[in-house]
Number of protein chains: 2
Amino acid sequence: MKNIAVLVSGGGTNLQALIDAQRSGEIKNGVISLVISSKAGVYALRRAEDAGIKTLVLPRSEYETQAGFDNDLLAALKAHYIDLVVLAGFLTILGDSVIAEYRNRIINVHPSLIPAFCGKGFYGLKVHEAALSRGVKLTGATVHLVNEEPDGGPILLQRSVEVREDDTPEALQKRVMRECEHVLLPLAVSKFCEDKIRVDGNIAALLP
Amino acid sequence: MKNIAVLVSGGGTNLQALIDAQRSGEIKNGVISLVISSKAGVYALRRAEDAGIKTLVLPRSEYETQAGFDNDLLAALKAHYIDLVVLAGFLTILGDSVIAEYRNRIINVHPSLIPAFCGKGFYGLKVHEAALSRGVKLTGATVHLVNEEPDGGPILLQRSVEVREDDTPEALQKRVMRECEHVLLPLAVSKFCEDKIRVDGNIAALLP
């Protein structure tokens, strides 16, 4: 059984999708044993508490250095014997020490079809604003392993949705979350926990 | 009834998809009245002749300047009262004079989900090689109007296909053609001929 830490910064709808997947038995060989928030008071913490999951707040804004934050984060992950770190709307940069220590064991979800609309500056609503400005007819979400390059790690899963003519960034964000992120993230976590992910360089494959 | 010119440089499978769509009645208000190839002897010319469509070869390599090629191309388009220019595997750059004269009346198909794997240097198999190198799980094709920026014009239609673990660039190219390009291109041409395309800046919408 693998120990999963979910890192959050806000409302936590992706965390909720993972909690629901755990309850329904979709995540067979893993348990969400820790939720870490980079901000105090966010609703994701409430969701974790309601599900009986231990929570921890590491308020990024109160750390003077990236290294200080990374040290405390790594200490918490190790103290809880975490095998898999899931970034679920986590708006804080992870330092290279964390990424190196958890190489190919950190999963992120990004609200576009990488390599479109990703990398530095593309987060949250900005991604959907950019997609609408470009006039794309398809967008979606990508679940990937995290490496040192923003949104540059091995891709695990992608799923598309159609853009509607009357879409606002908010409406598109909601549909991408519901139809893509909340479907893909539990599936990727499940595959990880069952050792069904094979990585070769920057290419990842999910085994059946 | 709109006059359509299809510009080709090779095998002409996208041309064939358009010929088939015309035969089946999918393209209601248009007729392919001219096929122009930038190379002599290509199989696309044979397909056109077999369908009873007039052909013209403008051998790009024998033109010393872009302007010379553009002039002859524009003259041919005008002589045949062409309303719509379709780039169907056309591997030659169009000069700005042609683009300006046929503003929002040139349709191109690109074998990726723009803005992924597009722009300078991304053509033919190179697009699919890049997609496989990045390890994307979804790719597809985009039909768009042509402006002065390579693959930068208003997007009309996009359609995705899954990348398979054992895909080669050739296998992926074939699937993108069959499942995306050959579906999207006739649909876009049909919509154009029925005046069902609305363009606002760099955003295009297809009316029902």
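Small disclaimer: the values here were computed from a predicted structure and weren't measured.

Asks: Go over the environment of F122 of chain A, please, and point to the residues and values.
Replies: Residue and element names in this part refer to chain A. Structurally, F122 is set in the loop between β5 (106-110) and α5 (125-134). A relative accessible area of 29% means that F122 is categorised as partly exposed. For the pair formed by F122 and S97, sequence separation is 25 residues and the distance between their alpha carbons is 23 Å. Residues within four places of F122 in sequence aside, it is in contact with H110, F117, V127, A130 and D151.

Asks: Let's hear about the pairing of strand β1 (residues 2-8) of chain B: which residues, and what values?
Replies: Residue and element names in this part refer to chain B. Where burial is concerned, most of β1 is hidden: 7 out of the 7 residues are buried. Residues K2, I4, V6 and V8 of β1 are buried on one face, and the alternating residues N3, A5 and L7, pointing to the opposite face, are buried as well. Remark: the β1/helix α1 (residues 13-23)/strand β2 (residues 30-37) crossover connection has right-handed handedness. Examined bridge by bridge, β1 and strand β4 (residues 84-87) share 4 bridges and lie parallel to one another.

Asks: I'd like a description of the packing of aromatic side chains, backed by residues and values.
Replies: Residues and elements named next belong to chain B. According to the stated counting rule, one finds 4 aromatic pairs over all chains in the structure shown. Aromatic pair Y63 and F69: ring centres 5.4 Å apart, planes at 85 degrees, arrangement edge-to-face. By relative accessible area, which is 19% here, Y63 ends up buried. With a centroid separation of 6.4 Å and an interplanar angle of 65 degrees, the aromatic rings of F117 and F122 are classed as edge-to-face. For F117, a relative accessible area of 11% corresponds to the buried category.

Asks: Lay out the confidence of the model for chain A with the relevant residues and their values.
Replies: Any segment with low pLDDT has predicted coordinates that should not be analysed in fine detail. The share of residues in chain A with pLDDT of 70 or more is 100%, and the mean pLDDT across the chain is 97. Complex prediction metrics read pTM 0.95 and ipTM 0.94.

Rules behind the numbers
- Residues numbered from 1 in each chain as written.
- Chains lettered and ligands numbered in written order.
- Predicted model: local features only at pLDDT ≥ 70, side-chain atom pairs only at ≥ 80, totals over all residues.
- Heavy atoms only, no water.
- Helix = DSSP H or I, 4+ residues; strand = E, 2+ residues; numbered from the N terminus.
- Buried < 20%, exposed > 50% of the residue type's maximum accessible area, 1.4 Å probe, protein only.
- Contact = heavy atoms within 4.5 Å.
- Right-handed = clockwise from strand over helix to strand, strands pointing away.
- Pairing = 2+ DSSP bridges.
- Phe/Tyr/Trp six-rings, centres within 6.5 Å; stacked < 30°, edge-to-face > 60°.
- pLDDT = per-residue confidence, 0-100.

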